[in-house]
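Spelled out, the chains give:
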Amino acid sequence: MIDFDPGAAAPGASAKSGTGARNGGDLVVETLEALGAKTVFGIPGQHALGLFDAMGRGNLQFVSSRVENNSAFAADGYSRATGEVGVLFLSTGPGALTSLAGLQEAYATGVPMVVVASQIPLEGLGARRKGMLHQLDDQKASAANVTKSQRLIQHASGIPSAIQDAWTEAISSPQGPVWIEIPQNVLLDPIMVPPVEDALAEAADNPPRIELVREAVKWLQEARRPAIIAGGGTRRGKAEKSLLSIAEKLRAPVICTPGGNGAFPWNHELSLQSWIEDRYMTDVLEDADVLVVIGSSLGEVTSNYFTFEPRGRIIQIDAEPRVLESNRPGLGIRADAGQALAALDEALAPAEAAADWHGSSAEELVKESLAKVKARLESQDLAKELAFMADIREAVPADMQTFWDMTIASYWGWSCWDSREGQFHSAQGAGGLGYGFPAAIGAAVGLETVGKPAGSARVLAVSGDGSSMYSISELATARQHNVPVTWLIVDDGGYGILREYMVGAFGKATATELARPDFVKLAEAFGVPAVKAAPEDVGDALKASFATDGPNVVVVETLLKMFGPTHLGD
């Protein structure tokens, strides 16, 4: 153990717990509480001790992860599950850098977070090589690729305003994480600033321009084969109600991307569900004379791996201007999806003529397309996979939120998961491993924090054996905080999807096989109940786990296959 005196670490610092003196750390905690924060994720560190000392005088709940990128994933999951801002406390140098992979997912997916990182004392800043512990030449520059903006606070009096501004930026579309860093002595030195009593952060307005709405309405009223792609921005903008109304007015088929899963009712007669990687769906979207793309860049997965060649006109709506026309030319509307679709819905009248897909109605087209997808899957010897995913779906309560790592089961989930009244969350934004379990921990903590009734805060995480090892240490976090999370680990002995890709491309797999632990015994060593189930028993095992308290693990040893990639042809 390091014998460390925080008061002696910063020149002139004298604020220590128990002295009654307030310091910069108190301003951080007070401001966050005034903004409505209830929970903070992170790991203590030497330069950040002022933050943690101040938390002892406040009301914030702290969830201590074991690795900083998992803390970032947990804050991400908290935000997605509750709709509130995730808050992350980081130490300097290695701690801050370790969080970046988790922040990349939040940044790519548009998750609002406020990240407070400590810094070395002020006299060490400016890239001078003073040899201070954890010193970086420019720490906030390291976060520039994975956060909306970065701020360095050099005086305690600037802390409340900076945090309030960061919160405002985080919740303003396009939402995302915002980085603040505060030197150690600014956190520790006594202050004259009075306690923070109130703070206000309101999302900046991001409406569509009226002439763009007018042009989009003109296109849509003339369309005979309109179709809609609902991306993650649809959910972030809470645009589901307007999307449903527009689709029904236009009689337009709607398909959801993995990020948009749940934005449109799964079994609606106009729903193409989420089979975005299937060539039959690509054919439909290519044939649309007007395609509305909401909150999506038409990126790799959504474009069926860039094989999508639309023949009609595109209306693209996104809060991030860099997304507009990034892959396809079209009428770009920079706006929050909720505001844009509300404006379109208000201006659109129900279509005078029924949609005509070469003699078929939109509803007939949807039914035929889904039948073709089903027939394709049934022709590929995928009975085990289809039954496995169906059994999980039947076992999971309709309103339960689920968090999926980058694993074969998740890739299936992108296409086949009906989120019902719950929410589907996955790591497809950045595609990094290790997301599912720590994000689920954050989500369950958040749902309990916002007052979900006992039993209804439980969430499900799904990982493979490879991805689970990225976050296995968080079993300790789940146990310490008695988090109601069930972790399904699908153990296929390696990086299953990479194995499949390599065999398909090269005829053999290299470096994909993994030595792994006995996950049941390992979970039990952390004090977490665990069971091993056969693939055909996964549903019963999950149902039993959902009926218990605290964390638990279900392990299934099986090799799942992916459905055949249609971007490579039949």
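Source: prediction; values computed, not measured. (Residues numbered from 1 in each chain as written. Predicted model: local features only at pLDDT ≥ 70, side-chain atom pairs only at ≥ 80, totals over all residues. Heavy atoms only, no water.)

**Q** Can you help me understand the pattern of salt bridges in this one?
**A** Opposite charge on two side chains makes pairing possible when the charged atoms of those side chains draw close. In this structure the tally under the stated criterion is 26 salt bridges. Of the charged contacts, one joins aspartate 26 and arginine 57 as a salt bridge, the two residues approaching to 2.8 Å between their closest N and O atoms. Linking aspartate 26 in helix 2 (residues 24-35) with arginine 57 in the loop between helix 3 (49-55) and strand 2 (61-64), this pair joins segments that are 31 residues apart in sequence. Exposure remark for aspartate 26: the relative accessible area of 6% places this residue in the buried category. With relative accessibility at 38%, the residue arginine 57 sits in the partly exposed group. Arginine 499 is the salt-bridge partner of aspartate 492, the closest N and O atoms lying 3.8 Å from each other. In this pair, the class of aspartate 492 matches that of arginine 499, namely buried. A cluster of three or more residues bridged by salt bridges with shared partners is formed by Asp26, Asp53 and Arg57. (Salt bridge = Lys/Arg side-chain N within 4 Å of Asp/Glu carboxyl O. Helix = DSSP H or I, 4+ residues; strand = E, 2+ residues; numbered from the N terminus. Buried < 20%, exposed > 50% of the residue type's maximum accessible area, 1.4 Å probe, protein only.)

**Q** Explanation requested: the pairing of strand 14 (residues 459-464) in the structure shown.
**A** A regular strand places its side chains so that they alternate between the two faces of the sheet. The element strand 14 is extensively covered by neighbouring structure, given that six of its six residues are classed as buried. Of the two faces of strand 14, both are covered, the one formed by Val459, Ala461 and Ser463 as well as the one formed by Leu460, Val462 and Gly464. In this sheet, strand 14 lies alongside strand 12 (residues 402-404) in parallel orientation, the contact comprising three bridges. What sits directly across from phenylalanine 403, in strand 14, is alanine 461. Direction of pairing for strand 14 relative to strand 15 (residues 485-491): parallel, over a ladder of six bridges. Paired with serine 463 across the bridge in strand 15 is isoleucine 489. (Pairing = 2+ DSSP bridges.)

**Q** Just to check I follow, could you spell out the packing of aromatic side chains for this structure?
**A** For any pair of aromatic rings, the description consists of the separation of the ring centres together with the inter-plane angle of the planes. Inspection of the entire model under this criterion finds 11 aromatic pairs. Each ring, one from phenylalanine 52 and one from phenylalanine 89, has its centre 6.0 Å from the other, and the planes form 85°; the classification is edge-to-face. In this pair, phenylalanine 52 is assigned in helix 3 and phenylalanine 89 in strand 3 (residues 86-90), connecting sequence segments 37 residues apart. Taking relative accessible area as the criterion, phenylalanine 52 reaches 14% and is therefore assigned buried. Accessibility expressed as a relative area gives 0% for phenylalanine 89, which makes it buried. Sitting over the face of the ring of tryptophan 219, arginine 313 holds its NZ or CZ atom 4.2 Å from the ring centroid. (Phe/Tyr/Trp six-rings, centres within 6.5 Å; stacked < 30°, edge-to-face > 60°. Lys NZ or Arg CZ within 6 Å of the ring centre and 35° of its normal.)

**Q** Even after reading the chapter, I still don't get the sheet that holds strand 14, so can you show me in this structure?
**A** Strand pairing in a sheet relies on backbone hydrogen bonds. The paired strands run either parallel or antiparallel. With parallel pairing, the six strands of this open sheet are ordered in space as 13-12-14-15-17-16. Two strands close off the open sheet at either side, each with one partner strand: strand 13 (424-426) and strand 16 (530-533). Direction aside, the axes of adjacent strands within the sheet are offset by 20° on average. Where strand 16 and strand 17 (residues 552-557) come together, four bridges link them in parallel fashion. Following the sheet pairing, valine 531 is matched in strand 17 by valine 554. Against the sheet, helix 18 (residues 436-449) engages strand 12, strand 14 and strand 15, with an angle of about 175° to strand 14. (Axes fitted to C-alpha atoms, helices over the stretch in contact; angles between N-to-C directions. Contact = heavy atoms within 4.5 Å.)

**Q** Please explain helix 10 (residues 210-222) as it appears in this structure.
**A** In an α-helix, one full turn covers 3.6 residues, which means residues spaced three or four apart are oriented alike. Helix length check: helix 10 (13 residues) gives 19 Å between terminal C-alpha atoms against 18 Å at 1.5 Å per residue, within 8%. Listed as buried for helix 10 are Leu212, Val213, Ala216, Val217, Trp219 and Leu220. Seen end-on, helix 10 carries its buried residues on one side only, within an arc spanning 160°. Turned more than 90 degrees off the buried face of helix 10, the exposed positions are Ile210 and Arg214. Packing partners of the buried residues in helix 10 comprise helix 12 (240-250), strand 9 (290-294), strand 10 (313-318), strand 11 (331-334) and helix 14 (337-347). (Expected span 1.5 Å × (residues − 1). Arc of directions from axis to C-beta.)

**Q** Looking at this structure, I do not really get the pairing of strand 6 (residues 177-183). What am I missing?
**A** For strand 6, a buried count of seven out of seven residues is recorded, marking the element as mostly surrounded by other parts of the structure. Burial of the side chains of strand 6 extends over both faces: Pro177, Trp179, Glu181 and Pro183 are buried on one face and Val178, Ile180 and Ile182 on the other. With seven bridges joining them, strand 4 (residues 113-119) and strand 6 adopt parallel strand pairing. Looking at strand 6, one finds that valine 115 is bridged to tryptophan 179.

**Q** What am I meant to see in the sheet that holds strand 1 (residues 39-42) here?
**A** Taken together, six strands build an open sheet; the order of strands is 2-1-3-4-6-5 and the sheet is parallel. Every interior strand has two partners, whereas the edge strands, strand 2 and strand 5 (150-152), have only one. Along the sheet, successive strands turn relative to each other by an average axial angle of 25°, direction set aside. Note: strand 1 against strand 2, four bridges, orientation parallel. Counterpart to phenylalanine 41 in the pairing with strand 2 is valine 63. Strand contacts of helix 6 (residues 100-109): strand 3, strand 4 and strand 6, with the helix running at about 140° to strand 6, the strand carrying the most contacts. Helix 18 contacts strand 1 and strand 2 of the sheet and is inclined by roughly 165° relative to strand 1.

**Q** Mind showing me how you'd approach the nonpolar core here?
**A** Counting residues in hydrophobic clusters, the biggest one holds 136 residues, and the most contacted among them are Ile315, Ile392 and Leu488. The leading source of residues in this core is helix 18, at eight residues. The residues contacting isoleucine 315, other than those within four sequence positions of it, are Ala216, Trp219, Leu220, Val290, Leu291, Val292, Val293, Leu331 and Ile333. Within the second largest apolar cluster, 37 residues are counted, among which are Leu35, Ala37, Val85 and Ile180. (Core = buried A, V, L, I, M, F, W, Y, C linked by side-chain atoms within 4.5 Å.)

**Q** Help me understand unusual backbone geometry in this model?
**A** Most peptide bonds are trans, and most residues other than glycine sit at a negative phi. The amide bond that connects serine 173 to the next residue, proline 174, takes the cis arrangement and shows omega of 0°. A positive phi angle is found at arginine 251, which is not glycine, with a value near 55°. For arginine 251, the location among the structural elements is in the loop between helix 12 and strand 8 (254-256). Its identity is not glycine, yet leucine 298 carries a phi of approximately 55°, on the positive side. Position of leucine 298 relative to the elements: it lies in the loop between strand 9 and strand 10. Taking the relative accessible area as the measure of exposure, leucine 298 reaches 2% and is therefore buried.

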